[in-house]
Amino acid sequence: MFSIRNNIFLALTSGLLLGLPWSVTDLFFLVFFAWVPLLLSEAKTRHHPNPYAIFNYAFVSFLLWNIIGTWWVTRAQFVGAILIILANSLIQALVFWLASRIRTILRIPLFFPLVLIWMGYEHFHLSWDLAWPWLNLGNALATAPKLIQWYEFTGVRGGTLWIILSNFALLRVYCSYRKKGVGSMITAGAMILMPLLLPVIGSFLILQNFEETEETVNIALIQPNLDPYTEKFNPENHARHVEAFFRTADAIVDDKTQYLFGPETLIVDQIDERDPSTSIYYRNLLEFRKKYPNLNILLGIHSYRKLSEENVPPGSRFDREKNFYYEAFNTALFLPPGAAAVPQFYHKTKLVPLFERMPFVQYLGFLGKYSLELGGYTGTYSLRQEHTTFISPDPSATILPIVCFESIFGPYCSRNLPEEKGFICMITNDGWWKNTPGYLHHFNFSPVRAIENRRDFVRVANTGISALINAKGMLIARTPWWTKTTLKGKIHLRGGQTFFARHGDFLGRISLVMGGFLVLYGGIRKLKKIRPAEP
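Here we summarise the structure given alongside this text. (Residues numbered from 1 in each chain as written. Predicted model: local features only at pLDDT ≥ 70, side-chain atom pairs only at ≥ 80, totals over all residues. Heavy atoms only, no water.)

## Considerations on the overall build of the chain
Within the chain one finds 14 helices and 14 strands. Along the first, second and third principal axes, the C-alpha atoms of the chain reach 80 × 55 × 40 Å. Considering only intrachain contacts with a sequence separation of at least 6, the fraction spanning at least 24 residues in the chain is 73%. When the accessible area of the chain is evaluated, it comes to approximately 23,100 Å², of which 61% is carbon and sulfur surface. Here the chain holds 52 positive side-chain charges and 39 negative ones, and the gap between their average locations is 13 Å. (Helix = DSSP H or I, 4+ residues; strand = E, 2+ residues; numbered from the N terminus. Contact = heavy atoms within 4.5 Å. Areas by Shrake-Rupley, 256 points an atom, 1.4 Å probe, with all protein chains shown as cover. Lys, Arg positive; Asp, Glu negative; His and termini not counted. Charge placed at Lys NZ, Arg CZ, Asp CG, Glu CD.)

Rendered as structure tokens:
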């Protein structure tokens, strides 16, 4: 049995190997053996007199992983970052410990409970109020799009399965070497090549057979580069920022431009969705569009809807000056061509826990007033959603909108993918994290979403990186980080739905159900063992 010092060393080694791919994305390959030290520790301590020993070691490992992988959140909000890191580490350690206990109770190999419970946890971590799927294992492969073309079938959960399989295969090689020497590694090594190489071969075959569509559209986007801490949310600057945007748009839009894009919350002052013309900024938008009547415009705004006092959902706000309740939204506004065109609104509903919406506010309404400040901006957004796609009549196309944090939620994005031809547009503001790995890794989710849905992807960021990405997840063009600039180009229109878009995170759902049954069965077996015999 390893000493405490050795177990801590193994735990820290796994934490380091797991964390580095999220900070230095070129090191993504480390995840294929990052779990091995922790798995060795589990094998030596699962019969420890203290049943929580493996939980302690797992917590040490996952805490280091979370610190290395998401430390940059502290640049936006220190207290919130600490809470997120601690909560995520505790949940991950609990999942690992639970898998270890189930394998001990049922006397089965660790692989089966770990793969089911871990993948089920990742699926669950997409949908509850503390959702933080940033460190889901399959995300580590985001910088290697040529290796993960099969994500169009499995999504990120397929990557998680690949990584866990590879770690157990390497563990088998190591254990074979320890027991039988170098010669035994040849057979075991041949076994490990299967889980490692088959997905790679499949990915390259998909790439070779990929066919691009011929229909394209001309787009232009503007990256204003406004510091969210010192410029963007200062009320004295709002009018000047919007004026500068339209001035820049005038310089880059021509008769061939079909789509113009602006970033998240370009218009900070709230617009009444039921009567948008009361906003001077919306009227400015209409005036600009008169110059280019055939132009489609998509940009980010803050919007709201007034509520009656009889129907006030949890998380709503109250305007003390005007004495009414309202729902506030982080919104993508789409204005199709035509003088009589009706604006379309898409609301961000995957909201950052603690910052944009307090967890469980629907049950404990008083929590809404305690959301954490972010760059001088605070407040809880509502979850009401009515439009999941935008429809452009000229040219005939659909747009799947994504707002910032939503890009981490692959199944959520894919379930809204329409059959009709179109593309994906993401608007974001990554300036909160400054020059840290955070904005880089957030950018890397975009190619993954393009692959899962097989749509060209337009990424529009306030401070960068803005980009055009094709349906293979390959970069067409991009802007520099933290630079005021523009980008013009062509993107393809593609239709149909991928297997993943039709069936969603089926691997995660199956794992959640089967893992739940496994835990339930293990719990029943444990209770039967400890129940005293009847006289």
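## As for the sheet that holds strand S8 (residues 390-393)
With respect to topology, 6 strands assemble into an open sheet ordered S8-S9-S10-S11-S12-S13, the strand pairing being mixed. Bordering the open sheet on either side are S8 and strand S13 (475-478), each of which pairs with just one other strand. Going across the sheet, the axis of each strand differs from the next one's by a mean of 20 degrees, ignoring polarity. In this structure, strand S12 (residues 467-469) lies alongside S13, joined through 3 bridges in antiparallel fashion. Residue pairing in the sheet places Ala467 in a bridge with Arg478 of S13. The strands that helix H12 (residues 437-453) touches are strand S10 (422-428), strand S11 (457-461), S12 and S13; relative to S11, the one it contacts most, it runs at about 155 degrees. (Pairing = 2+ DSSP bridges. Axes fitted to C-alpha atoms, helices over the stretch in contact; angles between N-to-C directions.)

## Thoughts on the environment of Thr213
Turning to its location among the elements, Thr213 is positioned in the loop between helix H8 (184-208) and strand S1 (216-223). Take Thr213: its relative accessible area is 27%, and that puts it in the partly exposed class. Along the sequence, Thr213 and Arg494 sit 281 residues apart, while their C-alpha atoms lie 6.5 Å from each other. Apart from the residues within four sequence positions on either side, Thr213 is in contact with His492, Leu493 and Arg494. There is a polar contact of 3.0 Å between the side chain of Thr213 and the backbone oxygen of Leu493. (Buried < 20%, exposed > 50% of the residue type's maximum accessible area, 1.4 Å probe, protein only. Polar contact = N/O pair within 3.5 Å; in protein donor to acceptor, adjacent residues only side chain to side chain.)

## Some points on helix H1 (residues 4-23)
With 20 residues, H1 should reach 28 Å at 1.5 Å per residue; the first-to-last C-alpha distance of 28 Å fits that figure. The elements touched by buried residues of H1 are helix H2 (36-45), helix H3 (53-70) and H12. (Expected span 1.5 Å × (residues − 1).)

## A closer look at the environment of Ala140
As for its placement among the helices and strands, Ala140 is situated in the loop between helix H5 (111-124) and helix H6 (151-154). Judged by its relative accessible area of 2%, Ala140 is buried. Residues Ala140 and Phe168 lie 28 residues apart in sequence; the distance between their C-alpha atoms is 18 Å. If near-sequence neighbours (up to four positions away) are discounted, Ala140 is found in contact with Pro21, Trp22, Phe28 and Val31.

## Quick notes on helix H10 (residues 280-291)
If you check H10, its first and last C-alpha atoms are 18 Å apart, about what 12 residues at 1.5 Å a residue would give, namely 16 Å. Listed in full, the buried residues belonging to H10 are Tyr281, Tyr282, Leu285, Phe288 and Arg289. Considered in projection along H10, the buried side chains sweep an arc of 115 degrees and stay on one side of the axis. When the buried face of H10 is taken as reference, the exposed residues oriented beyond 90 degrees from it are Lys290 and Lys291. Residues of H10 that are buried make contact with helix H9 (238-252), strand S2 (259-261), strand S3 (267-272), strand S4 (296-307) and strand S6 (324-335). You can read the cap of H10 off the contacts: a side-chain oxygen lies 3.2 Å from the backbone nitrogen of Tyr281, and it is on Ser279. (Arc of directions from axis to C-beta.)

## Side note on the pattern of salt bridges
On inspection of all chains with the given rule, the structure shows 15 salt bridges. Of the charged contacts in the structure, one is a salt bridge between Asp254 and Lys488, with a shortest N-O distance of 3.3 Å. One end of the pair, Asp254, is in the loop between H9 and S2; the other, Lys488, is in strand S14 (residues 485-492), with 234 residues separating them in the sequence. By relative accessible area, which is 35% here, Asp254 ends up partly exposed. A network of salt bridges, in which partner residues are shared, links Glu122, Arg157 and Asp505. (Salt bridge = Lys/Arg side-chain N within 4 Å of Asp/Glu carboxyl O.)

## Focus on the pairing of strand S7 (residues 344-347)
The side chains of a regular strand alternate between both faces of the sheet. Residues Gln344 and Tyr346 line one face of S7 and the alternating positions Phe345 and His347 line the opposite face, and both faces are buried. Bridge count for S6 against S7 is 4 bridges, and the pairing is antiparallel. Paired with Leu333 across the bridge in S7 is Phe345.

## Focus on the packing of helix H4 (residues 78-106) against H5
Here H4 crosses H5 at 150 degrees, and the two axes come no closer than 9 Å. Considering their axes alone, H4 and H5 lie roughly antiparallel with respect to each other. Both H4 and H5 take part in a crossing whose hand is right-handed. Taken together, the residues of H5 that come into contact with H4 (itself represented by Asn88, Ile91, Gln92, Val95, Phe96, Leu98, Ala99, Ile102 and Arg103) are Pro113, Leu114, Ile117, Trp118 and Tyr121. The residue inventory of the contact of H4 with H5, partitioned by class, reads 11 nonpolar, 2 polar and 1 charged. (Parallel < 35°, antiparallel > 145°, perpendicular 65-115°, else oblique. Left-handed = near helix turned anticlockwise from the far one by under 90°. Nonpolar A, V, L, I, M, F, W, Y, C, P; charged D, E, K, R; others polar.)

## Brief notes about the packing of aromatic side chains
Counting across every chain of the model gives 40 aromatic pairs. An angle of 90 degrees between the planes, with centres 4.9 Å apart, marks the rings of Trp35 and Trp118 as edge-to-face. Here Trp35 is found in the loop between H1 and H2, whereas its partner Trp118 is found in helix H5, with 83 residues between them in sequence. Trp35 gets classed as buried once you look at its relative accessible area, which sits at 3%. Taken together through their ring pairs, the aromatic side chains of Trp22, Trp35, Phe62, Trp65, Phe96, Trp118 and Tyr121 make up a single cluster. Taking NZ or CZ as reference, Lys306 lies 5.0 Å from the ring centre of Phe324, over its face. One residue, Arg317, lies across the ring of Tyr381, its end atom 5.4 Å from the ring centre. (Phe/Tyr/Trp six-rings, centres within 6.5 Å; stacked < 30°, edge-to-face > 60°. Lys NZ or Arg CZ within 6 Å of the ring centre and 35° of its normal.)

Any functional reading would require information that these geometric values do not contain.
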